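Breakdown of the fold
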There are 2 protein chains.
Amino acid sequence: MNDQAGPFTPPSHNDIVAAGERLSAIAVRTPLLESAALNKAVGGRILLKAETLQHTGSFKFRGGYNFVSQLDEAQRRRGVVAYSSGNHAQGVAAAASLLGAPATIVMPSDAPSIKLDNTRALGANVVTYDRDSEPREEIAARLAAESGATLVPPYDHPWTIAGQGTVGLEIAEQAAERGVPPDDVLVCCGGGGLCAGIATVFAKVAPSTQIHTVEPDGFDDTAQSLARGQLVSNQPGGHSICDALLAPMPGALTFSINKRLVTGGLSVSDREVRRAMIFAWQTLKLVVEPGGAVALAAVLSGALDCHDRIVAVVLSGANVDAALFSEILNNSDAL
Amino acid sequence: MNDQAGPFTPPSHNDIVAAGERLSAIAVRTPLLESAALNKAVGGRILLKAETLQHTGSFKFRGGYNFVSQLDEAQRRRGVVAYSSGNHAQGVAAAASLLGAPATIVMPSDAPSIKLDNTRALGANVVTYDRDSEPREEIAARLAAESGATLVPPYDHPWTIAGQGTVGLEIAEQAAERGVPPDDVLVCCGGGGLCAGIATVFAKVAPSTQIHTVEPDGFDDTAQSLARGQLVSNQPGGHSICDALLAPMPGALTFSINKRLVTGGLSVSDREVRRAMIFAWQTLKLVVEPGGAVALAAVLSGALDCHDRIVAVVLSGANVDAALFSEILNNSDAL
C-alpha cells in the first residue's frame, strides 16, 4: 500500500520545514529581488521571489523532489508517473533523475515546445494527449497501474504542497533578514498547491500577512470558490496564454487549506499578463512565462493596491517558447 | 580646482571598500547565481554575478554613484556630464538624480533605443552625436566647460574604477560564503574599468585567482595590449553587436592596472555572443545584452576551459532593444 494514496491531511508547518531540509542542498535558494523602478511605479515595496531561477525554471521542482525523495528504494525502482502542462513535468523529471527513478510524464500535445523538449532532455518518457478530449488523470493512473509506478500529483498531495511551500519559508526568512516583512503575498494559482504551502507557512510565522491568489481571467476557479466557500469549476471554453494555470477546479486538499488561510482571489487579463512579461523583460531583466507573471500583473495593473505596502510577489516560472516571447515583445505597442 | 582631474593613481583595495560602503544602502547587492544545467554543460562550477539586476540594468550605476557622491554641494549644483554608449549614461543619470545633480549625457545617435529612452526617463538631458565622425570626448568636455559641470569618466578614473570594483568585493564575499572561491574570474572589457576594479580586489583578497578580460572579436584592444605590454588600438572598420564594448583602446589608468593584474584577454564572435544570449534566456532565465554576455560566451564556447574549475562570470548588463532580442531568439537555428 502506498502511503501517498489519499485521503490526505494538510501538511503542517513542520512538514514544510522538513521539506526545506530535504531540499536545502538540492534546490536553488532563489533570490528575493527588489527593483527601484518597480517600487516607484506602484508606490510600495515589491519583493520579487524569483522562482524563475529554480532548477527546471519553476517552483515545481521543489514539490517533485520532496515527493520522490520520500519514496523507498523499491518504489523508486518502479518509477514515477506525472501529468502536467509542463512545469510539474520538468520538476518531476529532474527530481526522478537525481533520485534514480524512471519517469513517465503525460503532457498535452499542445504544451509549449520548450516544456516538452526540456522534459525529454531530463530523461523522462513523455506521453502526449489531446487537451480537449482525453482525461489526463486517467491516462496517468492507467500508466501507473500498468507499471507499478507511483503517481506524483501536481498539487493535491501533502508532500507536493510541503515541497512547494518551501517558497514561503524562504520568502519569510529573506524578508525578515532585510527587515521588510510583507503585508501581502501574491501567488499564482492553478491547482492551488503553491498557494496552500505558502499560506501554511505565513499562518504560522506571520499570521497577519494577507495571502492572495492570482489567476487568469476565465480560469479564476479558486477566486470563485473562495468567494462562495465551496468548490466551483471554470466555465468551459475559456482561453488564456497562461498554459500553466488552466486547471479546471481547485484541488480538494489545496482548497481545504486555501479557504481557511487565503484572503481572496484576484484575476488578470492576458493583456495585463503580456504587459507584465514585457515589464519583467525590460525593467526587471527577468524572463517570466505567462502563468508565472500573473502576480506581477496584479501589482502593475492595480488589481492589488500596493501603495505604501510591502508586497511579496512570486514569479513562479519561466518556460515560454521563443516564438510567443518575441511575439509579445514585438507587439508591446498594441497593449 | 577639481580633485577629479588627472593624472590619476590607481584606486587601492581600501578605496574600493570605501566605495562599497557608499553604495551599501543604495546599489543592489546582485545575486551570485548558479545553474545546474550550465555547470553540467561545461563540466565546472560557474558563478554568475548578475549585474543585469543592478539599478539601470548594468554595473555602471556603481561607478557613477561612487563618483557623483564625492562631488561637493557646489559641484553637484553645476551638474555632471558624461559620454556613453548607453549604460554609463543611465548609471550616471540615475546617480545624479538620486544626488540632486543635473546631468547631461552625450550618446551616439545609433545607441539602442532602450538606452536612449531610459536615460531620458531618468531625467538627463541627452545630446546625441554621430558615432563615426565626432569625437564624443570633445563634445562632452566642451559641454562641461561651458556649464562648469563635472565630467564623469566612464572608466579611466579612480572613483569610477573603485565603484565598479565593488562587483569584485561582492563576488569574493558571496563565493566565500558559499565555500566556492573562484579559480578564474571572467570580465567583459570595453575601457577596462570593471576589470581593473575587480582585479584590484582579487589581488588583495585572493591573489592566485586568474582574471581574464573578454572582448568582442575585432575589439580586443585590451587582449592585444596585454599581449604586447603596451597600449594598442583596435583596427578601424570592425563591427560587433556588443555596442557596450566598442571603446577604441584601453584607458591609460585602467591598462596600467590590468597589465599588472590580469592573466590575459579572450575574445568571442558575435555568433558566440548570440548563443550565450539565447542560453541565458532559455536556461538561466536572465535577460543579457550582447556586451553583457561575452564572459558567458567565453565559457560556453570553450574559449576558457572550465573543466573542474570554479569560474566567476560577470553578466554585466541587460539593456537591449526588443527588436534585436527577438531577432536573436528567432534565428537560433542558424547559429
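What comes next is a walk through the structure.

The rules behind the values
- Residues numbered from 1 in each chain as written.
- Chains lettered and ligands numbered in written order.
- Predicted model: local features only at pLDDT ≥ 70, side-chain atom pairs only at ≥ 80, totals over all residues.
- Heavy atoms only, no water.
- Helix = DSSP H or I, 4+ residues; strand = E, 2+ residues; numbered from the N terminus.
- Expected span 1.5 Å × (residues − 1).
- Buried < 20%, exposed > 50% of the residue type's maximum accessible area, 1.4 Å probe, protein only.
- Arc of directions from axis to C-beta.
- Contact = heavy atoms within 4.5 Å.
- Buried area = accessible area lost by both parts, 1.4 Å probe.
- Polar contact = N/O pair within 3.5 Å; in protein donor to acceptor, adjacent residues only side chain to side chain.
- Nonpolar A, V, L, I, M, F, W, Y, C, P; charged D, E, K, R; others polar.
- Axes fitted to C-alpha atoms, helices over the stretch in contact; angles between N-to-C directions.
- Parallel < 35°, antiparallel > 145°, perpendicular 65-115°, else oblique.
- Left-handed = near helix turned anticlockwise from the far one by under 90°.
- Pairing = 2+ DSSP bridges.
- Right-handed = clockwise from strand over helix to strand, strands pointing away.

1. With respect to helix H7 (residues 136-147) of chain A
Residue and element names in this part refer to chain A. Between the first and last C-alpha of H7 there are 17 Å, a value that for twelve residues agrees with the 16 Å anticipated at 1.5 Å per step. Buried within H7 are the following residues: Arg-136, Ile-139, Ala-140, Leu-143 and Ala-144. All buried residues of H7 fall inside an arc of 130° around its axis, so they share one side. Counted as exposed and oriented over 90 degrees from the buried face of H7: Glu-138, Ala-145 and Glu-146. Where H7 is buried, its residues contact strand S3 (80-83), strand S4 (103-108), strand S5 (125-129) and strand S6 (150-151). Gly-148 occupies a position one or two residues after H7 and carries a positive phi of about 75°.

2. Details of unusual backbone geometry
Non-glycine residue A:Lys285 carries a positive phi angle of around 70°. Among the structural elements, A:Lys285 can be located in the loop between helix H12 (270-284) and helix H13 (294-301). Residue class for A:Lys285 comes out buried when judged on its relative accessible area of 2%. One non-glycine residue, B:Asp308, lies in the positive phi region at around 60°. Note on B:Asp308: relative accessible area 64%, which makes it exposed.

3. Description of the interface of chain B and chain A
Contact residues are listed per partner, giving 26 residues for chain B and 26 residues for chain A. Across the chain B/chain A interface, buried area totals approximately 1,900 Å², and carbon plus sulfur atoms make up 69% of it. Of all residues in chain B, B:Trp281, B:Lys285 and B:Val287 bury the most surface against chain A, accounting for 35% of the area lost on that side. Summed over the shared surface of chain B and chain A, the result is eight residue pairs in polar contact (both at pLDDT 80 or more). The set of elements that each furnish at least two residues to the side of chain B that touches chain A consists of helix H12 (270-284) and helix H14 (322-330) of chain B. Take the side of chain B that touches chain A: its biggest share by element is six residues, from H14(B). For the side of chain B that touches chain A, a count of residues per class yields 16 nonpolar, seven polar and three charged.

4. Examining the packing of helix H3 (residues 60-68) of chain B against helix H8 (residues 158-177) of chain B
Residues and elements named next belong to chain B. With their axes 7 Å apart at the nearest point, H3 and H8 run at an angle of 130° to one another. What the angle tells us is that H3 and H8 run oblique. Regarding H3 and H8, the two cross each other, and that crossing is right-handed. Listed contacts from H8 to Lys-60, Arg-62, Gly-63, Asn-66 and Phe-67 of H3 are Trp-159, Thr-160, Ala-162, Gly-163, Gln-164, Thr-166, Val-167 and Glu-170.

5. Section: the pairing of strand S4 (residues 103-108) of chain B
All names here are of chain B. With six of six residues buried, S4 lies mostly within the body of the structure. Side-chain alternation along S4 places Ala-103, Ile-105 and Met-107 on one buried face and Thr-104, Val-106 and Pro-108 on a second face that is also buried. Relative to S4, strand S3 (residues 80-83) is paired through four bridges, and the arrangement is parallel. Note on S4: the bridge partner recorded for Val-80 is Ala-103. Note that the unit made of S3, helix H5 (residues 87-99) and S4 has a crossover that is right-handed. The pairing of S4 with strand S5 (residues 125-129) spans five bridges and is parallel. Paired with Met-107 across the bridge in S5 is Thr-128.

6. Side note on the environment of B:Gly251
All names here are of chain B. Residue position: Gly-251 is located in the loop between helix H10 (221-228) and helix H11 (252-261). Sequence separation between Gly-251 and Ser-12 is 239 residues, and the spatial gap between their C-alpha atoms is 17 Å. Setting aside chain neighbours within four positions, we find Gly-251 in contact with Tyr-155, Asp-156, Gly-191 and Leu-231.

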